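Read off the chains here:
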Amino acid sequence: MKRLCIILLSVLSSFIVWAQEENNHIEISIDQPDDNWYASPWVWVVGAALIIVLLVVLSKKKESQD
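Attention here is on the structure that accompanies the text. (Residues numbered from 1 in each chain as written. Predicted model: local features only at pLDDT ≥ 70, side-chain atom pairs only at ≥ 80, totals over all residues. Heavy atoms only, no water.)

**Details of the overall build of the chain**
Thought 1: Along the chain, the regular secondary structure elements total two helices and zero strands.
Thought 2: Taking all 66 residues of the chain together, the buried fraction comes to 2%.
Thought 3: Counting every atom, the chain has about 7100 Å² of accessible surface; 66% of that belongs to carbon and sulfur. (Helix = DSSP H or I, 4+ residues; strand = E, 2+ residues; numbered from the N terminus. Buried < 20%, exposed > 50% of the residue type's maximum accessible area, 1.4 Å probe, protein only. Areas by Shrake-Rupley, 256 points an atom, 1.4 Å probe, with all protein chains shown as cover.)

Here it is as structure tokens:
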């Protein structure tokens, strides 16, 4: 019974592997502009500045409560 299950599972797994679509065409274009908002450096600078300001404000509030 175990041998039959192992054979059945191996046959089914081979069918799954054979059923994979073979698509080797990968298109990479370097010349296209990057339209993602998070790819702009100014977004990272503004985000970092906001985090720093937030940390300073929270630390000042914590000092005033003590």
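**Looking at a nonpolar patch on the surface**
Thought 1: A cluster of nonpolar side chains, I7, L8, L9, V11, L12, F15, V17 and W18, forms an exposed patch at the surface whose accessible area comes to about 860 Å².
Thought 2: As for its position among the elements, I7 is in helix α1 (residues 2-18). (Patch = residues over 30% accessible without salt bridge, like charges linked within 9 Å, V, L, I, M, F, W, Y side chains within 5 Å. Salt bridge = Lys/Arg side-chain N within 4 Å of Asp/Glu carboxyl O.)

**Some words on helix α2 (residues 41-65)**
Thought 1: Helix length check: α2 (25 residues) gives 37 Å between terminal C-alpha atoms against 36 Å at 1.5 Å per residue, within 8%.
Thought 2: With respect to burial, α2 is a largely exposed element, only one of its 25 residues being buried. (Expected span 1.5 Å × (residues − 1).)

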